[in-house]
Amino acid sequence: MRLTPPILEHCRRQFPALSRRVGEHRAVFFDGPGGTQTPQRVIEAVSHYLAHSNANQGGLFATSQETGRLLADAHRVLADFLGASDPDCVIFGANMTTLTFSLSRALARTWKSSDEVIVTRLDHDANVSPWVLAARDAGATVRYAGIRDEDCTLDLEELRHLLNERTKLVAVGYASNATGSIQPVRDIVDWAHQVGAKVFVDAVHYAPHGLIDVQALGCDFLVCSAYKFFGPHVGVLWGRRELLEELEAYKVRPAPLHPPGKWMTGTQNHEGIAGAVAAVEYLADLGRMLSGNENLPRRVALREAYRDIGLYERGLVARLLAGLEQIPEIKVWGINDPQRIDERVSTVSFTHDRFLPVTMAEKLARAGFFVWHGNYYALHLTEALGLEPEGMLRVGLVHYNTLSEVERFLEVLHGLH
């Protein structure tokens, strides 16, 4: 079964925010890359924890014991989400940026002045600055892999050329939060491992669109954020067990000596973690519905859900790209070839000959379309494209968006004046 209109409507009914109106129209949430909306079960999971189980871990009383069970379950659920075999390798934190800064400091202690780190000009700055600053502190050299101007994709040949026996880390994004392009992470991991380098993958933007499988990717670390896949503001880090064990974490003395607690500094956002679990269960239940089998194991159900989410979103973005192509004043920055639709997620950024991105965003907001403008922290990309300080306008489609929303968006965009 596919994401048919009845199933899509069933999904949309679970998101209270989607009933919001702007004037005579329903609001259209094309702002997913900055944070998706949440289904009712996520909202209830957060409030239920705060109302009934709010406590710190380690106590012998009921609410503390319930919190401990919640967190243990959360590690298992997110391990299934990431395709990880060991729940203890799943680390929770405030957000992806904080987790990345923490890990970068720990890794930098193992670097020396002759070492090199590779980052890209395509990535969100949260996967650039932590490594640049860590390399600076270690006296290591930072190398930047550039982009291909014609389609705003990562220049893979340049990246391969930069790799050498001095490379200690490659930091790469799974999917661009600005242009939507998907990077061949498995290939990059193989190239990096051939020279003995580790690979850190930013999967924040990929997570709402495609199934993550850390074992298949072969990477050493991977991060994502629950608020990008229909959950609350919680960051998630996965790392190889041996690396999480051997690296020195910046932690307080009473904290555990082994993962996951070794890396989860301070009291965690328990209610947010409860919501992250509910977000994964929402996706798994969608997969069970689509398969017609309510007894599917969680990981199998997630695979079913993402298969259909991918098919559905590719249809939406194909229509959006085709419509934008009919407006001569618009330039799409990124892959716009229908034959390459599988190489991107449903995030599209563009500029207009007559309107600045901020002007378009204002006009579209008044018409009920929630879109982003600027650089979305992909600062190296917009600088490389010569688009600073205005940036681009970004439309982010996820599976709760509809073809009719895309059609109305194109109609309004075409009539801007």
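Before reading further, recall that the structure is shown in the block above.
Residues numbered from 1 in each chain as written. Predicted model: local features only at pLDDT ≥ 70, side-chain atom pairs only at ≥ 80, totals over all residues. Heavy atoms only, no water.

1. Side note on the side chain of Thr100
How we decide: Secondary structure follows DSSP: runs of H or I at least 4 residues long count as helices, runs of E at least 2 residues long count as strands, and numbering of each begins at the N terminus. Contact criterion: two residues are considered in contact whenever any of their non-hydrogen atoms come within 4.5 Å of each other.
Examined against the element boundaries, Thr100 turns out to sit in helix α4 (residues 96-108). Contact partners of Thr100, with chain neighbours within four places excluded, come to Ala126, Pro130, Trp131, Phe200 and Val223.

2. With respect to the sheet that holds strand β12 (residues 235-239)
As a general point, the strands of a sheet are linked pairwise by backbone hydrogen bonds and lie either parallel or antiparallel. Rules: DSSP calls a pair of strands paired once it identifies at least 2 bridges connecting them. Angles run from 0 to 180 degrees between N-to-C directions of axes, and those axes are lines fitted to C-alpha atoms, restricted for helices to the stretch in contact.
The sheet built from 7 strands is open, its strands ordered β4-β12-β11-β10-β9-β5-β6 with mixed pairing. A single partner strand is all that each edge strand has here, and the edge strands are β4 (90-93) and β6 (141-145). Across the sheet, the mean angle separating the axes of adjacent strands is 20° when strand polarity is ignored. Note that strand β9 (residues 167-173) and strand β10 (residues 198-202) share 5 bridges and pair parallel. Paired with Val170 across the bridge in β10 is Val199. The strands touched by helix α3 (residues 62-82) are β4, β11 (221-225) and β12; relative to β4, the strand with the most contacts, the crossing angle is about 110°.

3. Observations regarding the packing of helix α11 (residues 298-325) against helix α14 (residues 403-414)
Spelled out, the test is: Note that the term roughly parallel is reserved for angles under 35 degrees, roughly antiparallel for angles over 145, roughly perpendicular for angles of 65 to 115, and oblique for everything else. Each crossing gets its handedness from the near helix: less than a right angle anticlockwise from the far helix is left-handed, clockwise is right-handed. Each residue gets one of three labels, nonpolar for Ala, Val, Leu, Ile, Met, Phe, Trp, Tyr, Cys and Pro, charged for Asp, Glu, Lys and Arg, and polar for the others, Gly among them.
Close contact between α11 and α14 brings their axes to 10 Å; oriented N to C, the two are set at 15°. As judged from the angle between their axes, α11 and α14 are roughly parallel. As for how α11 packs across α14, the hand of that crossing is right-handed. Contacts from Tyr312, Leu316, Arg319, Leu320, Gly323 and Leu324 in α11 reach Leu403, Val406, Glu407, Phe409, Leu410 and Leu413 in α14. For the contact of α11 with α14, a count of residues per class yields 9 nonpolar, 1 polar and 2 charged.

4. Observations regarding the nonpolar core
Applicable threshold: Working definition of a nonpolar core: buried Ala, Val, Leu, Ile, Met, Phe, Trp, Tyr and Cys residues. They are joined through side-chain atoms within 4.5 Å. Whether a residue is buried, partly exposed or exposed follows from its accessible area with a 1.4 Å probe, protein chains only, as a fraction of its type maximum: under 20%, in between, or over 50%, in that order.
Counting 143 residues, the largest nonpolar core has Phe81 and Phe350 as the members making the most contacts within it. Once residues lying within four places of it in the same chain are set aside, the contact partners of Phe81 are Ala207, Ile212, Cys224, Phe229, Val280, Leu283, Arg299, Leu302 and Tyr306.

5. Quick notes on the packing of aromatic side chains
In plain terms, the rule: Only Phe, Tyr and Trp rings take part, Trp by its six-membered ring, and two of them pair if their centres are within 6.5 Å. Stacked means planes under 30 degrees apart, edge-to-face means over 60, and tilted covers everything else. Any Lys NZ or Arg CZ found within 6 Å of a ring centre and within 35 degrees of that ring's normal is scored as a charge over the ring.
Tallied over the full model, the rule gives 14 aromatic pairs. With centroids separated by 6.1 Å and ring planes inclined at 65°, the aromatic side chains of Phe230 and Tyr282 adopt a geometry described as edge-to-face. Here Phe230, found in the loop between β11 and β12, pairs with Tyr282, found in helix α10 (residues 270-291); they are 52 residues apart in sequence, far enough to count as distant. On the accessibility criterion, Tyr282 (2% relative accessible area) is buried. In this structure, Arg105 is placed above the aromatic ring of Tyr250, and the distance from its NZ or CZ to the ring centre is 5.8 Å. If you follow Arg394 out to its NZ or CZ, it ends over the ring of Tyr376, 4.1 Å from the centre.

6. Some details on unusual backbone geometry
Across the junction of Pro259 and Pro260, the peptide omega takes the value 5°, indicating a cis bond. Tracing the chain through its elements places Pro260 in the loop between α9 (241-246) and α10. In this chain, Glu388 is followed by Pro389 through a cis amide linkage whose omega measures 5°. Phi is positive for Tyr376, which is not a glycine, with a value near 55°. Inspection of the secondary structure puts Tyr376 in the loop between β16 (372-374) and α13 (379-384). Judged by relative accessible area, which is 8%, Tyr376 ranks as buried.

7. Some points on the layout of surface pockets
The criterion, for reference: Here a cavity means grid points, on a 1 Å grid over the protein atoms only, where a 1.4 Å probe fits yet cannot get out; a pocket means an open set of points with protein on both sides within 12 Å along at least five of seven lines; lining residues are those with an atom within 4 Å of a point. Grid points are joined across faces, edges and corners, and a volume is the space filled by probe spheres set on the points.
For the largest pocket, the calculated volume is near 480 Å³. At the level of secondary structure, the elements contributing two or more residues to the lining of the largest pocket comprise α4 and β16. Along the lines of polarity and charge, the residues of the lining of the largest pocket split into 10 nonpolar, 12 polar and 4 charged. The computed volume of the second largest pocket comes to approximately 320 Å³. Lining the second largest pocket are 16 residues; nearest its centre among them are Gln57, Pro256, Gly261, Met264 and Gly266. Classifying every residue of the lining of the second largest pocket gives 7 nonpolar, 9 polar and no charged.

8. Quick look at helix α1 (residues 5-13)
Short version of the rule: This arc is built from the directions going out from the helix axis to the C-beta atoms.
What α1 keeps buried is the set Ile7, Leu8, Cys11 and Arg12. End-on view of α1: buried residues confined to an arc of 140°, all on one side of the axis. Exposed and oriented more than 90 degrees from the buried face of α1 are Pro5, Pro6 and Arg13.

9. So, the sheet that holds strand β14 (residues 347-352)
As summarised here, the arrangement of the 4 strands in space is β13-β14-β17-β16, forming an open sheet in which the pairing is antiparallel. Two strands close off the open sheet at either side, each with one partner strand: β13 (330-332) and β16. Within the sheet, the average angular offset between the axes of one strand and its neighbour, ignoring direction, is 30°. Pairing between β16 and strand β17 (residues 392-396): 3 bridges, direction antiparallel. Counted as the bridge partner of His373 is Leu393 from β17. Packing of α11 onto the sheet brings it into contact with β13, β14 and β17, and relative to β14 it is tilted by some 10°. Relative to β17, helix α12 (residues 357-366) is tilted by about 45°, and along the sheet it contacts β14, β16 and β17.

10. Section: the pairing of β9
Using the following cut-off: Every crossover in which the path from the first strand over the helix to the second runs clockwise, viewed with the strands pointing away from the viewer, is termed right-handed.
Most of β9 sits inside the fold, with 6 of its 7 residues counted as buried. Bridge count for strand β5 (residues 116-120) against β9 is 3 bridges, and the pairing is parallel. The residue bridging Glu116 from the neighbouring strand is Thr167, located in β9. Note on the crossover from β9 through helix α7 (residues 185-194) to β10: the handedness is right-handed.

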